Amino acid sequence: MNESVKDEITVRIVYEGRAAKVVLDNSKLKEIEAYYDECAEAGASEYQIEESKKATASMNSILGDPDRIEALTKDFVHHYENRVAEGSTIKGKAMFVASERKVAWAFYQQLRALRPEWFEVLACEAGSTLTEQEKKSIKPMERVKMVMTRGKDDDSELYDLLGSKDYRKELDKQFKNEKSNFKIAIVVDMWLTGFDVPCLDTIYIDKPIQKHSLIQTISRVNRTYAGKDKGLVVDYIGIKSRMNQALKQFSKADETNFEEIEQSVVAVKDHLDLLRQVFHTFDASPYFTGEPVEQLNCLNRAAEFVLQTEKLEKRFMALVKRLKAAYDVCCGSDRLSEDEKAHIHFYMAVRSIVFKLTKGDAPDTALMNARVKAMLAEAIKSDGVEEIFKLGEESASEIDIFDDDYIDRIDKIKLPNTKIQLLKKLLAKALAEFKKTNKAKGVDFSRRFQSLIEKYNERKEEDAFTTAVHDEAITGLFDLMTDLKTEMSSFEELGISLEEKAFYDILKKIAEKYDFAYDEDRLLDLAGKVKAVVDDKARFPDWNNRGDIKASLRVELIMLLAKHGYPPVSFNEVYQDVFEQAEHFKAGVMT
């Protein structure tokens, strides 16, 4: 286990003990411990076998007590729902290991009574859409399933639920599919060994398990998966001491691979303290006491606070990322107060806004819990809300960033650092698109854009709050956006098409680079002819990956340029520049 973690084959496992949540009295814990001891010492004598049977019967009566099953189910629902709401589980996949069939069946029935909506048949997990191919492989089903073989003494309802061998094979496939609505598997003996589901990150254990079997069981949650840092073992029966013994049996090093949940709680508290120090001059009270609109505006101001300097932004983003990783593991712990959880949600929501403004096209919603998402949704519908979220929530197909109304909406944002970040992101997206159709001019605008950004990022810390620095950056970005808008329509003034303008710019740039004169009218005519040659070759499928087509295009371009006296002096690199830029342009248009 330890070596596989070092080699990044598996992830670390975290232990969370919750036996005290469901035990009826402390004496029962002693009986469970005694049972473990008897199992460990059991030999082959008839007396020991009989004693073992008695101990097993006693154990099952404790674990199957109706009041205990009720307490167990309520705690499981609370713990599981909390992890899902906090975004602390990758895909909501969880395995519940029951001690015996009767207990599993009782747990299933209690779960159905508490959460009937979990037993509705859905085509796939909530929030997902399926491709036509996925519809063939992902079967509609409930969130919760029991995975056991049928017994001859099962009542008819249980018998029908458990299904045939082929049905269990289908459950195997569906549980391994991250988009399937099948999220919670209730098992007794099946799937505890040799069953790998990489996105499974939580296992709830309510069964006495010994030595090697215990290691095999907890290893169900240590498989690597994107975004999965650790696997969580939730203990409802008191396996901790047995787990330590089992690990010691194999390697002292493996003991250190198993982590107490308390370590994550300490990490959360430490990072909350560090973040409070970062925000000690910021008034966050409107987020905790205000209405949704006030809360959202407070989050926007907090993001503005973080964006004052690049150094502060990087420190904040790193602290919250580590906070989130620790909180994902211990979000169900009673050692975290409601006030601490509220501050965690605040910092994660701020990080989401900063992430949206600086890194991606959409909020980093994985860092927002369900309550914050609901608050944002309500606030965004209201009048008078800052435009930041509204602008960010619109898709690229719905907006025109060069539209005067859209630019006016950005200009009305009152938070200068936020406005600069939003302008940077919108311009970066626009330039990326522009370079697909006109690489020559796109490169020029990109250099100008990069120069503005570097100048803004290199501002001194003492200048971070000055209006002049903000105004200069905002003016420069708006000017660049205006010039880009003008450039994108400049082909109309020349009386040529958008594609011809791209080749015109390529040819003109090369003429300037090698310092030779070429008549403007001839340059416009040649641009059209270059486009015609490229269009002719690009009609073949996969043309830019075919050596014969590329060679033919090169030859025709060389002949065309030579025929029109471009350039007057032969330079091999000139032909190469024209060819590469033409190829890039056509590839961009085709994609």
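Above this text sits the structure in question.
Asks: I keep staring at a positive patch on the surface and nothing clicks. Help me out?
Replies: On the surface, a cluster of positive charge is contributed by K139, K165, K169 and K173. Tracing the backbone through its elements, the reader meets K139 in the loop between α7 (132-137) and β3 (144-147).

Asks: I keep staring at unusual backbone geometry and nothing clicks. Help me out?
Replies: Of all residues except glycine, most have a negative phi; of all peptide bonds, most are trans. Unlike most non-glycine residues, W191 shows phi in positive territory, near 70°. Inspection of the secondary structure assignment puts W191 in the loop between β4 (184-187) and β5 (202-206). W191 sits in the buried class, given a relative accessible area of 9%.

Asks: Explain empty space enclosed by the protein here, please?
Replies: Picture a little ball the size of a water molecule; that probe, rolled over the atoms, points out where space is still empty. Under the defined criterion, the tally for this structure stands at 2 cavities of 30 Å³ or more. Its volume calculated, the second largest cavity comes out at about 40 Å³. Contributing to the lining of the second largest cavity are F434, T437, N438, E487, M488, S490, F491, L498, K501 and A502. Elements represented by at least two residues in the lining of the second largest cavity include exactly α21 (416-437), α23 (467-488), α24 (490-494) and α25 (498-513).

Asks: Any chance you could explain the nonpolar core here in plain terms?
Replies: The nonpolar side chains of soluble globular proteins are, as a tendency, buried together. Within the largest apolar cluster, 94 residues are counted, with the highest numbers of intra-cluster contacts made by F76, F279 and F346. Per-element tally for this core: the top contributor is helix α16 (residues 310-330), with 10 residues. Once residues lying within four places of it in the same chain are set aside, the contact partners of F346 are F279, F282, A284, Y287, F288, C298, L299 and A302.

Asks: Would you explain the pairing of β3 in this entry?
Replies: Every other side chain in a regular strand lies on the same face of the sheet, so the side chains alternate between the two faces. Taking every second residue as pointing to the same face, both faces of β3 are buried, with V144 and M146 on one and K145 and V147 on the other. Pairing of β3 with β4 involves 4 bridges; the strand directions are parallel. Of the residues in β4, the one forming a bridge with K145 is A185.

Asks: Any chance you could explain α23 here in plain terms?
Replies: Because the α-helix completes a turn every 3.6 residues, residues three or four places apart line up on one side. Look at α23: 31 Å from first C-alpha to last across 22 residues, which is about the 32 Å you get at 1.5 Å a residue. All of the buried residues along α23 are V469, H470, A473, I474, G476, L477, F478, L480, M481, L484 and E487. Buried residues along α23 sit against α20 (404-411), α21, α22 (439-457), α24 and α25.

Asks: Would you mind going over the pairing of β4 with me for this structure?
Replies: With burial as the criterion, each face of β4 is covered, one bearing I184 and I186 and the other bearing A185 and V187. For strand β2 (residues 94-98) and β4, the ladder comprises 4 bridges, and the chain directions are parallel. Bridge pairing links A94 to I184 in β4.

Asks: Which parts of the structure should I look at to understand the packing of helix α13 (residues 261-278) against helix α17 (residues 338-358)?
Replies: Angle between the axes and distance between the axes: these two values describe a pair of packed helices. Following both chains from N to C, one finds α13 and α17 inclined at 60°, their axes separated by 11 Å at the closest point. On the basis of the axis angle, α13 is oblique to α17. In the crossing of α13 with α17, the sense of the turn from one axis to the other is left-handed. On α17, the residues touching V268, K269, L272, L275 and R276 of α13 are D339, E340, H343, I344 and Y347. Counted by class, the contact of α13 with α17 contains 5 nonpolar, 1 polar and 4 charged residues.

What counts, and where the lines are drawn
- Residues numbered from 1 in each chain as written.
- Predicted model: local features only at pLDDT ≥ 70, side-chain atom pairs only at ≥ 80, totals over all residues.
- Heavy atoms only, no water.
- Patch = residues over 30% accessible without salt bridge, like charges linked within 9 Å, V, L, I, M, F, W, Y side chains within 5 Å.
- Areas by Shrake-Rupley, 256 points an atom, 1.4 Å probe, with all protein chains shown as cover.
- Salt bridge = Lys/Arg side-chain N within 4 Å of Asp/Glu carboxyl O.
- Lys, Arg positive; Asp, Glu negative; His and termini not counted.
- Charge placed at Lys NZ, Arg CZ, Asp CG, Glu CD.
- Helix = DSSP H or I, 4+ residues; strand = E, 2+ residues; numbered from the N terminus.
- Buried < 20%, exposed > 50% of the residue type's maximum accessible area, 1.4 Å probe, protein only.
- 1 Å grid on protein atoms, 1.4 Å probe; cavity = no way out; pocket = protein on both sides within 12 Å on 5 of 7 lines; lining within 4 Å.
- Points joined across faces, edges and corners; volume = space filled by probe spheres on them.
- Core = buried A, V, L, I, M, F, W, Y, C linked by side-chain atoms within 4.5 Å.
- Contact = heavy atoms within 4.5 Å.
- Pairing = 2+ DSSP bridges.
- Expected span 1.5 Å × (residues − 1).
- Axes fitted to C-alpha atoms, helices over the stretch in contact; angles between N-to-C directions.
- Parallel < 35°, antiparallel > 145°, perpendicular 65-115°, else oblique.
- Left-handed = near helix turned anticlockwise from the far one by under 90°.
- Nonpolar A, V, L, I, M, F, W, Y, C, P; charged D, E, K, R; others polar.

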